[in-house]
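For reference, the chains in residue letters:
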Amino acid sequence: MRRLRPRLALPALLILSLVVIALAVPFLGLPNPVRQDIPNRLTGMAPGALLGRDEFGRDVLSRLLWGARISLFIAFTATTIAALAGTLLGLLGGWFRGMAEFLSIRLADVILCFPPILLALLVVTIMGPGVATLILMLSILYTPGFVRVAYGEVLSTRNQDFVTAMTALGATTPRILALTVLPNIASPLLVQYSLTLGAAIVVESGLSFLGLGVVPPTPSWGLMIRGARATMEQAPLLLLWPCLALTVTILAFNLLCDALRDAFDPKSAAGAGARPKPRLVDCLAPGLFPSRVDPGASLSVRGLTVEIDTKRGVIRPVDDVSFTIGAGETLAIVGESGSGKSVTVTGLMGLLPAAARPVAGEAVFEGHDLLRRSPDQLRALRGARLAMIPQDPMSSLNPVHKVGDQVVEAILAHRSITRPAARAEALALFRRVGIADPERRLDAWPHEMSGGMRQRVMIAMAIANRPALLIADEPTTALDVTMQAQILDLLADLRRETGSALIFITHSLGVVAEIADTVMVMYAGQVVEQGPVASVFAAPLHPYTAALLAAVPQDDAAPEPIPGAVPPPHQFPQGCRFAPRCGHALPPCGEAQPLRQFGNGREVRCARAGDLRFGRAAHDA
Amino acid sequence: MTPDAEPLLVAEHVSVSFSRKRLFGRGPAVRAVQDVSLRIGRGEAVGIVGESGSGKSTLGRLLLGLIKPASGEVRFDGRALQSLSRAEWRALRQRMQIVFQDPYGSLDPRRRIGSQIADGLAIHRLVAPGLLPEAVNALLEQVGLDPSHAERFPHEFSGGQCQRIGIARTLASRPDFLVADEPVSSLDVSIQAQILDLLDRLRRDLGLALILISHDLAVVRHLCDRVVVMYLGRVMEEGPARSVLDAPRHPYTRALVSAMPRIGTGGRPTRILLPGEPPSPSAPPSGCVFRTRCSFAIAACGEAVPPLTQTNHDHGVACIRLADLP
């Protein structure tokens, strides 16, 4: 909350002073706002009348302040009545549905059908102009807005798990509505309140200007504008003051309510989403010294480091990551959330968010460093030589285009062939990835397909241009196990056929064992162990790898939890990053550890590697 | 039947279907749960497994009375849920609770966690208002959290911690029946083990009857005494967790077990790939709902819904070809 105060302070101060002035006007010793002084009409600023006098010689400052009192009173009262009535109706309509819903929503619709000015004319004709009429009119006018907002919000909130939890606890309906639903729909209602308050002041002035609102000689901003309009040529300043007052008031309300909404949201209060700014300079010359490159490799990454500027300082979610993957090989990257797996591959694809940048390292793919290619060069590579299979096939397919067309577009984006040829190729791809009835499925919409089918479409799209490297980020996490088995088989087949390399990100060690040749275990942005899957899983060298393996329930061994959690990037420990959670930590672990070679293509980052034994090796010993 | 002889919760032939409102009339009914019978004893843990669309979550909510069955009966502690008055219902709610899959979505983002945990105590007046903070602290400790965190908001916690808070809230009303709907599937494997450990400990310490809804067979095998395998709203196989998951009989359970990725290579059954996709629950196949993807299906499978046949101790399989299966 503390960081938000400056944002809240300015508008709050403005509104507070407005309210205080409005309340204190009778005690300020101002001249009577309705006392006329015809001889001195339209005189300019002078002692005794700081802002001059109007067409009847009345003191403008006094009328402005008394007018604020009237305008604010009408706007606040009408808006509050509308907010209370509208929220109550919307709440009941959205919660109970059925008859309550019909009554409240249709009532609101009926009112919304009337143009506001017509409604005003109607009410004024029946009741005669005056403050009470205005308040009634404005309350009726603004109730439907609150009904609509409250109703819509209740509908989306009522199905949340935490509301179901309250029902399961046996809470009464009023308790659920007051304690659970209302606070969660409060912020859009607050915004609505601010908008309505502003609008009410404008409409009040407008109606008074038209002679339908406040009755002269009662001071009101609308009446003042009306009067000043007639004498605009002699005393243009008279028009300025009430308009200025209106503008400042409305602006202050809007600012206040924006700030209020943020303050009421516990998440933004803690500044969870720190928004860093990118530094262009760092993108231009990251790591100038190329190192050893394996010529047979499809992709060779050396010392990849990604930094992000945040309000808490520069963080390094990926720190000195190196790996090599050859054609036809599969590399699995595993680790808990927050270990830097996804940032590593999005860095390679050139798809990092604007705030993040690779600051060191190189990633050589087909003779070029991916980290130093221009955005245009990268765009030409992506989807062609480099393709990605996303985690969630639903949100990755465009819901308003047929799936076949999306695959055709993916082909046409990188190759100049005719559309019918591309469609024929899409058909072949659908057949290849095992989509039953491919002719018909080309014309299906994404929502007509199951999760497994959609993931097949994504795979068809990814392999459409015969990529040399496929990157799959948790491609089976959203799928059922039987679908997962089908997709893993498909990926293995494709890799054998096309000889493309596959980088597979997953948190499921079982999937790693099924599909990968080599595994890279990441923890807190660093590689802690890497090597051939069979030997790493049989005899892990790093305590973290061993702990991950032990945490998976399998056979009769009870899963062993790893205490604690991955630290956030701004709290990475100085030494070995896993040491605080490690049961084997010793004093040397307080110092940063290098990644050490360990024979048979294995590497490990642990001070005690070699003297600790885990897995099958430990049982044999 | 005396209350002691009847299990804590009994569901008999419950069915439920949903239909979507359309512009004119209603759409086809989705038969989410069909003719399911289930018994859960005090302190027993039962796993419900199946893929998405199998109706396992709907069944869980049905057992809690959050959804009313279209036919059949659910009895809790000898009393039929349908026959209860509102007040009786509210009192009974105290004894049956739910833990959700999404640890963040299940907590009100706008209230401090301490007051959310206190809800269960306050609603059922289990603790005098003055003693609430103490009781909340005790609950936080019980789930392995620092009592000083009571004044924080949900977003200040990690997923695993939020799941612990959700569990603390359910424990506040002192339930004896808990439904955990995929409680660990959105958590990292290291954190999963922490939560499973906690659930297991609570079950033993408090004698909780537990329904664990999960698609992860290994989790169910580890935590549960018995398991129910569902497909398209129907029970395919049920029985002791070890005997069902180590030696599955039903063709669907076999495919499910073989599809689980395993770390070790030893003892892994050859993977049985199910052809195609599950049929739509609004138009399930006649007879055995699994027959369209089953490699053992014969014409007779489409004629009648196969009954759950007891093979041995409590192990039931709904397959007419049981004797002919290899």
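In this numbering scheme, every chain counts its residues from 1 along its sequence in written order. Think of it this way: whatever chain is written first is A, whatever ligand is written first is 1, and the rest follow in order. Local features in a predicted model are, by the rule used here, given only for residues with pLDDT of at least 70; side-chain atom pairs are given and counted only at 80 or more, and totals for whole chains, interfaces and linings are based on all residues. Side-chain calculation: all heavy atoms of the structure are included, whereas hydrogens and water are not.

Caption draft 1: Structural view of the interface of chain B and chain A. The contact rule is simple, with two residues in contact once any of their heavy atoms fall within 4.5 Å. Of the residues lining the interface, 56 residues belong to chain B; the matching set on chain A comes to 61 residues. For the chain B and chain A pair, buried surface summed over both sides reaches about 5100 Å², with 56% attributable to carbon and sulfur atoms. Reported buried area values correspond to the accessible surface (1.4 Å probe) lost by two parts on association, with both partners' losses combined. Three residues, Arg110, Ile263 and Glu277 of chain B, lead the burial of chain B against chain A; their summed loss comes to 15% of the area buried on that side. Throughout this description, the term salt bridge denotes a Lys or Arg side-chain nitrogen within 4 Å of a carboxyl oxygen of Asp or Glu. On inspection of chain B and its partner chain A, the count reaches one salt bridge.

Caption draft 2: Region of the structure containing the nonpolar core. The biggest cluster of nonpolar side chains holds 70 residues, and the ones touching the most others in it are Val457, Ile459, Val519 and Phe537 of chain A. For this core, the leading source of residues is helix α18 (residues 451–463) of chain A, giving eight residues. For Val519 of chain A, the residues in contact, after removing those within four places along its chain, are Leu331, Ala332, Val334, Val512, Glu529, Gln530, Gly531, Val533, Val536 and Phe537 of chain A. Residues belong to a common nonpolar core when they are buried Ala, Val, Leu, Ile, Met, Phe, Trp, Tyr or Cys residues joined through side-chain atoms within 4.5 Å. In this scheme, a residue with accessible area under 20% of its type's maximum is buried, one over 50% is exposed, and one in between is partly exposed, where area comes from a 1.4 Å probe on protein chains only. Counting 63 residues, the second-largest nonpolar core is a separate cluster that includes Leu121, Ala150, Leu210 and Ala259 of chain B. A run of H or I in DSSP becomes a helix once it reaches four residues, and a run of E becomes a strand once it reaches two; helices and strands are each numbered from the N terminus.

Caption draft 3: Main features of the confidence of the model for chain A. In predicted models, pLDDT denotes the confidence assigned by the predictor to each residue on a 0 to 100 scale. With 92% of its residues at a pLDDT of 70 or more, chain A has an overall mean of 83. Contacts from residues 269–293 of chain A, a stretch scored under 50 in pLDDT, to residues over four places away or in other chains number 38 contacts.

Caption draft 4: View of the sheet that holds strand β6 (residues 386–389) of chain A. Residue and element names in this part refer to chain A. Strands are labelled as partners when DSSP assigns at least two bridges between them. Strand order in this open sheet of eight strands is β6-β7-β8-β3-β9-β10-β12-β11, and the pairing throughout is mixed. If you trace the sheet from one side to the other, it starts and ends with β6 and β11 (596–597), each paired once. Sheet analysis places strand β3 (residues 330–334) next to strand β9 (residues 518–523), joined by four bridges and oriented parallel. Across the sheet, residue Leu331 finds its bridge partner in β9, namely Thr518. To define axes, lines are fitted to C-alpha atoms, for helices over the stretch in contact only, and angles between the resulting N-to-C directions are given on a 0 to 180 degree scale. Each of β6 and β7 (469–473) is contacted by α18, which is oriented at about 175° to β6, the strand it contacts most. Across the sheet, helix α19 (residues 481–498) touches β3, β6 and β8 (501–505), and the angle it forms with β8 is around 155°.

Caption draft 5: Fine view of helix α8 (residues 221–230) of chain A. Residues and elements named next belong to chain A. Within α8, seven of the ten residues are buried, leaving the element largely enclosed by the surrounding structure. Considered for burial, the residues of α8 that qualify are Trp221, Gly222, Leu223, Met224, Ile225, Gly227 and Ala228. Distance and chemistry together define a polar contact, namely a pair of N or O atoms within 3.5 Å, with one atom able to donate a hydrogen and the other to accept it when in protein, and with adjacent residues in sequence counting only for side-chain atoms on both sides. The N-cap residue of α8 is Ser220: its side-chain oxygen and the backbone nitrogen of Gly222 are 3.2 Å apart.

Caption draft 6: Quick peek at the state of the cysteines. Residues and elements named next belong to chain B. Cysteine sulfur atoms are paired as a disulfide whenever they fall within 2.5 Å. Taken as a whole and judged by the stated rule, the model has zero disulfides over all chains. The thiol sulfur of Cys288 is not disulfide-bonded, and the nearest other cysteine sulfur, from Cys301, lies at 6.0 Å. Accessibility expressed as a relative area gives 10% for Cys288, which makes it buried. We note that Cys319 lacks a disulfide partner, and the nearest cysteine sulfur, in Cys294, lies 6.2 Å from it. Of the residues examined, Cys319 reaches a relative accessible area of 11% and is grouped as buried.

Caption draft 7: Focus on the pairing of strand β4 (residues 71–76) of chain B. Residues and elements named next belong to chain B. Summarising the sheet, β4 and strand β5 (residues 79–80) pair through two bridges and their orientation is antiparallel. Each residue of the ladder has a partner; that of Phe76, found in β5, is Arg79. If you look at the hairpin formed by β4 and β5, you'll find two residues sitting between the two strands, and Asp77 has a positive phi there, around 55°.

Caption draft 8: Just a nonpolar patch on the surface, in detail. Residue and element names in this part refer to chain A. Residues enter patches when their relative accessible area tops 30% and they take part in no salt bridge; the joining distance is 9 Å for like charges and 5 Å for the nonpolar side chains Val, Leu, Ile, Met, Phe, Trp and Tyr. What sets the accessible areas is the Shrake-Rupley method with a 1.4 Å probe; for residues, cover comes only from the shown protein chains. Residues Leu10, Leu14, Met45, Leu237, Leu240, Leu244, Val248, Leu251 and Leu255 make up a contiguous nonpolar surface patch of roughly 780 Å² in combined accessible area. Taken together, the elements giving at least two residues each to the nonpolar patch come down to α1 (5–24) and α9 (237–264). Counting through the fold element by element, Leu240 comes out in helix α9. By relative accessible area, which is 38% here, Leu240 ends up partly exposed.

Caption draft 9: Spotlight on the packing of aromatic side chains. Each aromatic pair joins two rings of Phe, Tyr and Trp (for Trp, the six-membered one) with centres within 6.5 Å, and gets the label stacked for planes under 30 degrees apart, edge-to-face for over 60, and tilted for any other angle. Inspection of every chain in the model, using the stated rule, returns eight aromatic pairs over all chains. Plain terms: the ring middles of Tyr231 of chain B and Phe290 of chain B are 5.1 Å apart, the flat faces sit at 85° to each other, and that makes the pair edge-to-face. Linking Tyr231 of chain B in strand β9 (residues 226–231) with Phe290 of chain B in the loop between α9 (251–259) and β11 (309–312), this pair joins segments that are 59 residues apart in sequence. Linked through ring pairs, Tyr523, Tyr544 and Phe578 of chain A together constitute an aromatic cluster.

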